[in-house]
Amino acid sequence: MNTDILIIGSGPNGATFARILSEAKPNAKILMIDLGPKVSDKIGQHLKNIADPKAVEIAQILSQGNKKEAYPMVSVAERAAAVQRGELSPKLLARAGTHLVTDSIEDLAQNQMPAASLSSNIGGMGIHWTCACPIPGNQERVPFIPKEEMDDILQKSAKMLHVTQEAFPESPESITIKNTLSKVFDDKLADDRKVQAMPLACKLGESGERYWTAPDLILGDTFQNPNFTLRNETLCKRLIFEGTTVKGAVIEHLPTGNQEEIHAKIVIVAADAFRTPQLLWASGIRPKALGHYLNEHPFIFTFVELKDDLVNEINNARLDASNVATYDPNTRTEPTIGVFWVPFDAPNHPCHGQIMHMDLSPMKTTTTTNPKHIVGLGWGCLKEVQYQDCIVFSETEKDYLGMPKMNFKFSYTEADKKAIEQAKAFQTQAAEAFGKVIKDGDQTLMPAGTSLHYEGTTRMGTKNDGKSVCDSYSKVWEFDNLFVGGNGVIPTATTSNPTLTSVALAIRSCEKIIQAI
């Protein structure tokens, strides 16, 4: 089969490439493949948009690769408590809709990123993600892309993802929580980086109803283009190349085992930060930096029950709620009333704070009044970028799909440990302003891999010096027509959720590809 453009991976970045290239070149044949199945009636929709809990569970199980059973319902708080007890079993590390890269007890004992996880489904992690899209701060930005250009592509990315700060209406709870955070942090932060509602990828209806962004929204009308084709349960086994040109790929339809060769003028690998380098490595494309410079910010959780004066403030505001939205906790269908953001702003606050209010406690508390006002505090900090943090690909062992087995080397430097303690100190300031840490909810450094924010494994750079995999337009060094996409191309350490940035870089990459077609 011949096609003009072959896109491997159907997550947010693959969908971005497909839509922009389809709109710019409607006569170009585009084939997108993904190893995962279609898991819901609407292709690539976020599971939070599905009302039926059983349908959600089925979709999650279908996304879990070869793990075809429901994971136990474990909240972040329960997981944190288990980590404090030293428990690192696969059932505690994995989350519904994902599967661990390595999950045997023997493998976990050797794995320095034990919670590293994947999603195998149409839409990738994009149908499971939190939809948080914070704007990266000063040191988090790609240093060799001019600020004005970076601002422009970030705005385009926000539009593509339908980013809003109005996903949750104002309420007495949200106002109190934001004001409490502001009193602690605002005087430390730059004018454009004050405490605020978390930017979320969410399309709002006329009545404020939420439709969470996933690849279905990103793709838009792409399915209406007769020259666009999506194949599910189709694995790319290897890329075929001669000299500096990728000729195509060998693909396999997993249910039947049938293999075929696809010829393409442009090949884009946007699988994820693990399977994109895995495919290149399996194909014999092995630049020195491939799979190296693996970065993921440390993530610290704690949970606080609001103190009485803040609860009274909320209750009084509810009695005089002429200017804010009100709700009855007994009729709500979800526990979260808002997500709040303490932005990264080095050196004033070289961390990222993500705060969620929950009506009901995710853990046992020391009091009996119900419902509780529980605030979950997640703080991340920068991790040094280092070559030795990497994916280790096996020359002999295979994973369940027959691809090179992966393991991980990942460690915290002395500078990282200091940054973690600094993040804990900032988090403690917020916790003390809110109230008392609940039982088993004390600060917990989560196992490496927990955040799902993996970067650097196909990182971009300015020159082919062995320290990057691709140029600033995501074209792989020494190849004319091979591009990579996803969080793996981000070359800097970040604390913020990376999807807004990686989609922005995919948009920029499309400009180069359009010129090449």
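Residues numbered from 1 in each chain as written. Predicted model: local features only at pLDDT ≥ 70, side-chain atom pairs only at ≥ 80, totals over all residues. Heavy atoms only, no water.

Draft legend 1. Broad picture of the packing of aromatic side chains. Counted under the stated rule, the structure contains twelve aromatic pairs. Between F301 and F303, the aromatic rings sit 6.3 Å apart at their centres with planes inclined by 10°, giving stacked as the arrangement. Each member of the pair, F301 as well as F303, is classed as buried. One aromatic cluster in this structure is built from F185, W379 and F426. Above the plane of the ring of W281 lies R286, whose end atom (NZ or CZ) is 3.5 Å from the centre. Over the ring of Y387 we find K288; its NZ or CZ atom is 5.8 Å from the centre of that ring. (Phe/Tyr/Trp six-rings, centres within 6.5 Å; stacked < 30°, edge-to-face > 60°. Buried < 20%, exposed > 50% of the residue type's maximum accessible area, 1.4 Å probe, protein only. Lys NZ or Arg CZ within 6 Å of the ring centre and 35° of its normal.)

Draft legend 2. Focus on empty space enclosed by the protein. Applying the stated criterion across every chain yields a total of one cavity of 30 Å³ or more. One number sums up the size of the largest cavity: a volume of about 60 Å³. For the largest cavity, the full set of lining residues is P134, P136, E140, E455, I490, T494, S496, N497, P498 and T501. Residue composition of the lining of the largest cavity, grouped by class: four nonpolar, four polar and two charged. (1 Å grid on protein atoms, 1.4 Å probe; cavity = no way out; pocket = protein on both sides within 12 Å on 5 of 7 lines; lining within 4 Å. Points joined across faces, edges and corners; volume = space filled by probe spheres on them. Nonpolar A, V, L, I, M, F, W, Y, C, P; charged D, E, K, R; others polar.)

Draft legend 3. Just the state of the cysteines, in detail. Inspection of every chain in the model, using the stated rule, returns zero disulfides. Unpaired in this structure, C131 has its nearest cysteine sulfur neighbour in C202, at a distance of 7.0 Å. For the unlinked cysteine C351, the closest cysteine sulfur is that of C381, found at 5.9 Å. Assessed through its relative accessible area of 0%, C351 is described here as buried. (Disulfide = S-S within 2.5 Å.)

Draft legend 4. Fine view of the packing of helix α7 (residues 172–185) against helix α11 (residues 414–434). Between α7 and α11, whose axes approach to 10 Å, the crossing angle comes to 130°. Between α7 and α11, the angle falls in the class oblique. Note on packing geometry: the crossing formed by α7 with α11 is right-handed. The residues of α11 that touch α7, namely those facing I177, T180, L181, V184 and F185, are F426, Q429, A430, A433 and F434. (Axes fitted to C-alpha atoms, helices over the stretch in contact; angles between N-to-C directions. Helix = DSSP H or I, 4+ residues; strand = E, 2+ residues; numbered from the N terminus. Parallel < 35°, antiparallel > 145°, perpendicular 65-115°, else oblique. Left-handed = near helix turned anticlockwise from the far one by under 90°. Contact = heavy atoms within 4.5 Å.)

Draft legend 5. The nonpolar core, seen in detail. With 91 residues, the main nonpolar core has L239 and F274 as its most contacted residues. With eight residues, helix α12 (residues 499–516) is the single largest residue contributor to this core. (Core = buried A, V, L, I, M, F, W, Y, C linked by side-chain atoms within 4.5 Å.)

Draft legend 6. Examining the confidence of the model for the protein more closely. With 92% of its residues at a pLDDT of at least 70, the protein reaches an overall mean of 91. In this model residues 359–370 is a low-confidence stretch, pLDDT under 50, and it forms 35 contacts with partners more than four residues away in sequence or in other chains. (pLDDT = per-residue confidence, 0-100.)

Draft legend 7. The arrangement of the layout of surface pockets in detail. In this structure, the second largest pocket spans a volume of roughly 460 Å³. At the level of elements, α6 (147–161) and β5 (163–164) are the ones that each hand at least two residues to the lining of the second largest pocket. A per-class count over the lining of the second largest pocket returns ten nonpolar, six polar and six charged.

Draft legend 8. Highlighting the pattern of salt bridges. Across all of its chains, the model carries 17 salt bridges by this definition. Two residues, E23 and R19, come together in a salt bridge whose shortest N-O distance is 3.1 Å. With E23 and R19 both in helix α1 (residues 12–24) and four residues apart, this pair spans about one turn of that helix. By relative accessible area, E23 is classed as exposed at 55%. Between D416 and K383 there is a salt bridge, and its shortest N-O distance comes to 3.1 Å. Of the two residues, D416 is situated in helix α11 and K383 in the loop between β16 (374–381) and β17 (390–398); the sequence distance between them amounts to 33 residues. Across the pair, exposure class does not vary: D416 and K383 are buried alike. Here the salt bridges do not stand alone but share partners, grouping R141, K147 and D151 into one network. (Salt bridge = Lys/Arg side-chain N within 4 Å of Asp/Glu carboxyl O.)

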